[in-house]
Amino acid sequence: MSDPDSFRVEPAEKPDDFQAMLIGAALVYFISIIPVLGLTVCCCIPQTLGALLAVYWYTNKYKITISPGKGIVLGILTALLGGIAAYITGFILLKLGFNPMGDMMQGVLEQVIQMAEENTSPEEAEKLREQIERALSGEKTAIQIVIDLVFTVIVNAIGGVIGGSIGAAVFKKAPPAAPAV
Amino acid sequence: MVIRRGSWIGIGVTSFCFVLIGFAIFSTQSSSMIPDALFGRLCHQLNDRCYYINGVALPICVRCLWIYLGFAIGHTLFIFWKPESLRITRALIGVMALMFIDVAFERVGFYSNLFWTRALTGFLFGLVVSHFTLLGLRELYCELINPITHVRSRFFSSRTR
C-alpha cells in the first residue's frame, strides 16, 4: 500500500510575511517622514501604499493568493510599524530642533492668526496664537503625546485595513500547478 | 438576499463613519484642537477644497467627506448584496483609475477645483472599497472572535449540565 504522505508537496520556502512587512513599513516611514511628501500626500495614502506594497511583495514572492483577512492583518501591521517609527523619528527630530514642516507652514499660519485677529475676539486670537506657536515649537504635554499616539495608531490601522484588503483582492496569484506524475 | 455572519461589523463601520462625519461637522462650532489633530492626519485640510458651515471650513476636504460617506453606505449595502468577485475587482480598479485621472487632470489644468468630481470619485471609491474591507473584517471576526465565543459557550454549557 502506498503512503499517502509521500505525495504531499512541501513548499520550497515557508512563507514569511515579516520581510514584506518591513518593506511596506519602510515605504510608509519614508513617505511620512519626508516633509514635502507628507504635506502633499494625504488621505491615508502612505499607509495604504505601504500595505499594498507589503501584500504585493508577499503574494508575488511566494506565488500565493491571500484572503482579505490575511491581507488586512498584514496591512495593519505594516502601517503600524512604519507609522509609529515615523512618529517617533519625527518626535525626536522636533526635540532636536529640526522642524522643516513648521518653517514651511509658518507663513500660512501667520495668515490664519491674522484672520483670527480680524474676525474673532482678541482673547480667542491670542489663544489660537499660543496653540499654534506651541504646535510649531514641538512642545507637547504628556496628554498631547498620548492623544497623538492614539490618533497615529487609529489612522495607520485605517490605512492598513484599506491597503491590505485592496491588495488581497488585486494581487491574486494562481495556485502552483500540480507536478506532472 | 442573505444576511451572513459578522454582519454587525458592517453596521459598526457604518456607525463609525457617520460618527466621524458628525464629529467633523460639529467641530466647526468648537475651538478645540482635537478635530484638527485627528483629521490633520487623514486629510490635507486645504480650505479651498472644503465645505463651509456658517463660514467655517470643515476639517476634512470634499473628497475625504464623500469617501467616508461611501464607506458608511457601502458597509451596510454589502451586508445584503454580494457582487461577483471579478466584476467588483474590475470596478475597484476602475474607480481608482477615475480618481487618479481626476487628480491628474486638475494638476495638468484641464479644469480647476471642481467639487462635484472630487465628491463623485471619492464616493465611488469609498463605496467599492468597502466591499473588500467588509469581506476581510468579517473573515477576521470569524477566525478570531468565533472560537472564543465557541469555547465560552461550551464552558457554560458544561457547567450547567
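Residues numbered from 1 in each chain as written. Chains lettered and ligands numbered in written order. Predicted model: local features only at pLDDT ≥ 70, side-chain atom pairs only at ≥ 80, totals over all residues.

Topic: the overall build of chain B
Turning to step 1, where the next piece is worked out: Broken down by element type, chain B carries five helices and two strands.
Turning to step 2, where the next piece is worked out: In chain B, the order of α-helices and β-strands from amino to carboxyl end is α-α-β-β-α-α-α.
Turning to step 3, where the next piece is worked out: Evaluated residue by residue, chain B yields a buried proportion of 35% over its 161 residues.
Turning to step 4, where the next piece is worked out: In chain B, 72% of the contacts between residues at least 6 apart in sequence involve partners at least 24 apart. (Helix = DSSP H or I, 4+ residues; strand = E, 2+ residues; numbered from the N terminus. Buried ≥ 20, exposed ≤ 12 C-beta atoms within 10 Å, placed from the backbone. Contact = placed C-beta atoms within 7 Å.)

Details of the interface of chain A and chain B
Turning to step 1, where the next piece is worked out: Listed as interface residues are 21 residues of chain A and, on the opposing side, 20 residues of chain B.
Turning to step 2, where the next piece is worked out: Contributions of two or more residues to the side of chain A that touches chain B are made by α4 (68-95), α6 (122-137) and α7 (142-170) of chain A.
Turning to step 3, where the next piece is worked out: The element that contributes the greatest number of residues to the side of chain A that touches chain B is α7(A), accounting for 11 residues.
Turning to step 4, where the next piece is worked out: When grouped by side-chain class, the residues that make up the side of chain A that touches chain B number 14 nonpolar, six polar and one charged. (Nonpolar A, V, L, I, M, F, W, Y, C, P; charged D, E, K, R; others polar.)

Focus on the nonpolar core
Turning to step 1, where the next piece is worked out: Counting 68 residues, the largest nonpolar core has Ala54(A), Val55(A), Leu74(A), Ile60(B), Cys64(B), Leu65(B) and Tyr68(B) as the members making the most contacts within it.
Turning to step 2, where the next piece is worked out: For this core, the leading source of residues is helix α5 (residues 115-160) of chain B, giving 11 residues.
Turning to step 3, where the next piece is worked out: Residue contacts for Val55(A): discarding those within four places in its chain leaves Ile66(A), Gly71(A), Leu74(A), Gly75(A), Gly164(A), Gly167(A), Ala168(A) and Phe171(A). (Core = buried A, V, L, I, M, F, W, Y, C linked by C-beta atoms within 7 Å.)

What to know about the packing of helix α1 (residues 17-33) of chain A against α4(A)
All names here are of chain A.
Turning to step 1, where the next piece is worked out: Running from amino to carboxyl end, α1 crosses α4 at an angle of 40°, the nearest separation of the two axes being 7 Å. Considering their axes alone, α1 and α4 lie oblique with respect to each other. For α1 against α4, the interelement crossing comes out right-handed. Residues Asp17, Ala20, Met21, Gly24, Ala25, Ala26, Leu27, Val28, Tyr29, Ser32 and Ile33 of α1 lie in contact with α4, whose contacting residues are Leu74, Leu77, Thr78, Ala79, Leu81, Gly82, Gly83, Ala85, Ala86, Thr89 and Gly90.
Turning to step 2, where the next piece is worked out: The class makeup of the residues in the contact of α1 with α4 is 14 nonpolar, seven polar and one charged. (Axes fitted to C-alpha atoms, helices over the stretch in contact; angles between N-to-C directions. Parallel < 35°, antiparallel > 145°, perpendicular 65-115°, else oblique. Left-handed = near helix turned anticlockwise from the far one by under 90°.)

Topic: the confidence of the model for chain A
Turning to step 1, where the next piece is worked out: Summing up the model confidence of chain A, the mean pLDDT is 78 and the portion of residues at 70 or higher is 72%.
Turning to step 2, where the next piece is worked out: Considering each helix and strand of chain A separately, the mean pLDDT is smallest for helix α2 (residues 35-40) of chain A, with a value of 55, and largest for helix α3 (residues 45-62) of chain A, with 91. (pLDDT = per-residue confidence, 0-100.)

Regarding the confidence of the model for chain B
All names here are of chain B.
Turning to step 1, where the next piece is worked out: The pLDDT averaged across chain B works out to 83; a share of 84% of its residues lies at or above 70.
Turning to step 2, where the next piece is worked out: When mean pLDDT is taken per element in chain B, helix α3 (residues 62-80) scores highest with 92 and helix α2 (residues 34-39) scores lowest with 75.
Turning to step 3, where the next piece is worked out: In the model output, the complex is listed with pTM 0.78 alongside ipTM 0.80.

Considerations on unusual backbone geometry
What is expected of a backbone is that most residues other than glycine have negative phi and most peptide bonds are trans.
Turning to step 1, where the next piece is worked out: Within the chain, Lys63(A) stands out as a residue other than glycine whose phi angle is a positive 50°.
Turning to step 2, where the next piece is worked out: Positionally, Lys63(A) belongs in the loop between α3 and α4.
Turning to step 3, where the next piece is worked out: Phi at Asn54(B) is positive, roughly 50°, even though this residue is not glycine.
Turning to step 4, where the next piece is worked out: Mapped onto the elements of the fold, Asn54(B) is located in the loop between β1 (52-53) and β2 (56-57).

Brief notes about the environment of Thr133(B)
Turning to step 1, where the next piece is worked out: Counting through the fold element by element, Thr133(B) comes out in helix α5.
Turning to step 2, where the next piece is worked out: Residue classification places Thr133(B) among the buried residues on the basis of 27 C-beta atoms within 10 Å.
Turning to step 3, where the next piece is worked out: Taking the C-alpha atoms as reference, Thr133(B) lies 9.9 Å from Gly74(B); in sequence the two are 59 residues apart.
Turning to step 4, where the next piece is worked out: The residues contacting Thr133(B), other than those within four sequence positions of it, are Val161(A), Ile162(A) and Ser165(A).

Quick word on helix α4 (residues 85-108) of chain B
Two residues of an α-helix separated by three or four positions point the same way, owing to the 3.6 residues in each turn.
All names here are of chain B.
Turning to step 1, where the next piece is worked out: The terminal C-alpha atoms of α4 lie 34 Å apart, and with 24 residues this matches the ideal 34 Å at 1.5 Å per residue to within 8%.
Turning to step 2, where the next piece is worked out: Buried residues of α4: Leu92, Val95 and Met99, and no others.
Turning to step 3, where the next piece is worked out: A positive backbone phi angle near 105° is found at Gly109, which sits one or two residues after α4. (Expected span 1.5 Å × (residues − 1).)

Looking at the environment of Gln29(B)
Turning to step 1, where the next piece is worked out: On the secondary structure map, Gln29(B) appears in the loop between α1 (7-26) and α2.
Turning to step 2, where the next piece is worked out: It is 8.2 Å that separates the C-alpha atoms of Gln29(B) and Val56(B), two residues lying 27 residues apart in sequence.

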